[in-house]
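The lines below spell out each chain.
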Amino acid sequence: MTTLLLADHDNATLGSATARALSAARELGADVHVLIAGSNAKPAAEAAAKLEGVAKVLLADDPSLDHQRAEPAAALVVALAKDYDAIVAPATSSGKNILPRAAALLDVMQISDIIKVVAPNTFERPIYAGNAIETVESTDTKKVITVRGAAFPAAKEGTAAAPIETVAVTPAESGSAFVSESLSKSDRPELTAARIVVSGGRALGSSEKFNEVLLPLADKLHAAVGASRAAVDAGYAPNDFQVGQTGKIVAPELYIAIGLSGAIQHLAGMKDSKVIVAINKDEDAPIVQIADYSLIGDLFTIIPELDKALG
Amino acid sequence: MKVLVPIKQVIDANVRPRVKADGTGVDLANVKLSINPFCEIAVEEAIRLKEKGKASEIVVVSIGPAKAQEIIRSAYALGADRGLFVETEERVEPLAVAKVLQAIIAAEQPGLVILGKQAIDDDSNQTGQMLAGLLGWPQATFASKLEVDGDRATVTREVDGGLETLALTLPAIVTTDLRLNNPRYPTLPNIMKAKKKAIDVKKPEDFGIDITPRLKVLKVSEPPARKPGIKVASAEELVKDLKAAGVL
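Within each chain, residues carry numbers counting from 1 in the order of the written sequence. To read the labels, note that chains go from A and ligands from 1, taken in the order they are written. Local features are withheld for residues below a pLDDT of 70 in this predicted model, meaning they are given only at 70 or higher, and side-chain atom pairs are given and counted only at 80 or more; totals for whole chains, interfaces and linings count all residues. With hydrogens and water excluded, all non-hydrogen atoms of the structure serve as input to the side-chain values.

Pulling in residues and values, what's your account of the pattern of salt bridges?
The salt bridge criterion pairs a side-chain nitrogen of Lys or Arg with a carboxyl oxygen of Asp or Glu, the two atoms within 4 Å. Using the criterion set out here, one finds 32 salt bridges over all chains in the structure. Taking the shortest distance from any N to any O, the salt bridge between A:K209 and A:E212 comes out at 3.4 Å. On the criterion of helical spacing, the pair formed by A:K209 and A:E212 is a turn pair, its members being three residues apart in helix 5 (residues 207-221). Put simply, B:R157 and B:E164 hold a salt bridge, and the shortest N to O gap is 2.7 Å. Neither residue differs from the other here; B:R157 and B:E164 are each classed as buried. One connected set of salt bridges, linked through shared partners, spans A:D107, A:D140, B:K99 and B:R214. By definition, any uninterrupted DSSP run of H or I lasting at least four residues is a helix, any uninterrupted run of E lasting at least two residues is a strand, and each is numbered from the N terminus. Buried means the residue's accessible area, taken with a 1.4 Å probe over protein chains only, is under 20% of the maximum for its type, while exposed means over 50%, and partly exposed covers the values in between.

This is the structure we're talking about:
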């Protein structure tokens, strides 16, 4: 009875999503082995070994596993699956890409984006953009699960490091090749791990204003920056800033929504935040309905005042 | 090259879903149903490929209850050439859908399959990846840009850290993200024409596939409600309140 956790990493570091998925994996009640599939990924494996509750780390290190492409990663998971009762991954863009492919090859119906482990075969998951919560029981012998990070605490580092075992990789023709990537570089906290998120919407009006108004406030609060779909579609912010049903799901201590109305799709990505602040000129906006604190007025007047009040 | 586009009917994106009082699901009676927004983007992308001379025929496929046939007509009105509808009143999970699609693809032999990345009802985000696995085809999920050249597709994907570009050898599976395109509106003459067009209707049994769900839905409930909030008069008051709440 063992659980395999497919880690999300960039070879050098382990994302916080993996530490959160580990907390969910441990709730299944079995030993957890963490699989690091990558290229020159020893640092990520060492980071995983330090996490409390990891019984063993499997390191599959091969150039074909660079960039976490779905075809080789899913094939590896399938090859290892016979020794495991459950296979878990964080519901990151990488986990969501790889795990269903492996599930189909194992003839298992995946349980996506769980927010609670009720029993080792029963889980809660949001549906309809979080407007309903479904409790499902899996009848498959093997469970394949992705985990919504915002719903689980990140596992901490333990006192002793788990052993790292090397797994042999047989590279196969996959039909896909990595061409390039363009990743946002930032010194700010990661959106899904930040304690405070400052998010902007269409009312910012332009990319220049978005940066000019939001970024200094975010820096003062040591906050991550998010955006509504409308702001991303309009080109005010890059796609990786998007918070919502199909973007990033966040649940920080404090979420400050500035000039965004709060479409259902956006609320789905942030309504589990501990404290929500809405700064909006429309007091009937949906975001104001769910906010703990609302400040009604023109954001271009309010933000400088807020900046001053923060000292 | 033939392009196959699997599509799903879901509750309209602008309707607020209501959980049924008996906890068995979401109330879909007398609620506006539409083509899933991501599926509509998939149809649009196929049409653009045809307009560029990269695709020769667009075949749309849907699986669902009889009334879901409407979305095949919606796809016809946008420009799809042929539609296949697999009728079932059962709840169909992504794994079962992927198996039915696998059987259809064996017969249709498309060069490219474009699907929505996620249906906005069950939010599973699985079908495209599962189908790619069953077929042994390469996949590019969450696409924001697609270029087809001969037997290769270059796809830019929206990933957590930004954007990633992959090259795929066709046949392949692509799933759409929001910014791939803005779907067109159908014209009235095309809507009229779509009403008269034939739809090939089948049953899951015709493909010899067992669609019995693997997940039992024990309960569907409302999410926990948030406490009512307060309006603050000024930025100073907001900062004071947030400090008192211990979040600043």
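How would you summarise the packing of helix 3 (residues 70-80) of chain A against helix 4 (residues 93-105) of chain A if you had to cite specific residues and measurements?
Residue and element names in this part refer to chain A. Here an angle of 0 to 180 degrees is reported between the N-to-C directions of two axes, which are lines fitted to C-alpha atoms, with helices fitted over the stretch in contact. Two elements in contact, helix 3 and helix 4, have axes whose closest approach is 8 Å; the angle formed by their N-to-C orientations is 50°. On the basis of the axis angle, helix 3 is oblique to helix 4. Helix-helix and strand crossings are classified by hand; for helix 3 and helix 4 the assignment is right-handed. Seen from helix 3, the contacting residues are A70, E71, A73, A74, V77 and V78; seen from helix 4, they are N97, I98, R101, A102 and L105. Throughout, the ten residues Ala, Val, Leu, Ile, Met, Phe, Trp, Tyr, Cys and Pro are labelled nonpolar, Asp, Glu, Lys and Arg are labelled charged, and all others, Gly among them, are labelled polar. A per-class count over the contact of helix 3 with helix 4 returns eight nonpolar, one polar and two charged. For classification purposes, an angle smaller than 35 degrees is called roughly parallel, one larger than 145 roughly antiparallel, one from 65 to 115 roughly perpendicular, and anything else oblique. Two helices cross in a left-handed way if the nearer one is turned anticlockwise from the farther one by less than a right angle. They cross in a right-handed way if the turn is clockwise. In what follows, a contact means two residues having at least one pair of non-hydrogen atoms within 4.5 Å.

Lay out the domain arrangement of chain A in plain terms, naming residues and giving numbers.
Residues and elements named next belong to chain A. For the domain bounds, the source is a domain assignment made automatically or taken from a database. Considered domain by domain, chain A is made up of domain 1 (2-166) and domain 2 (196-310). One C-alpha centre belongs to domain 1, the other to domain 2; they are set 31 Å apart. Summed over both partners, the interface of domain 1 with domain 2 comes to about 540 Å²; 53% of that surface belongs to carbon and sulfur atoms. When the area that domain 1 buries against domain 2 is broken down by residue, the three leading residues are A129, R148 and A150, summing to 74%. Where domain 1 touches domain 2, the interface holds zero salt bridges. Pairs of N or O atoms within 3.5 Å make up the polar contacts considered here, provided that, within protein, one atom can donate a hydrogen while the other can accept it, and that residues adjacent in sequence are counted only when both atoms are side-chain atoms. Linking domain 1 with domain 2 are one residue pair in polar contact (both at pLDDT 80 or more), by the criterion used here. For the side of domain 1 that touches domain 2, the residue count by class is three nonpolar, two polar and one charged. Two parts placed together each lose some accessible area; with a 1.4 Å probe, that loss summed over both constitutes the buried area.

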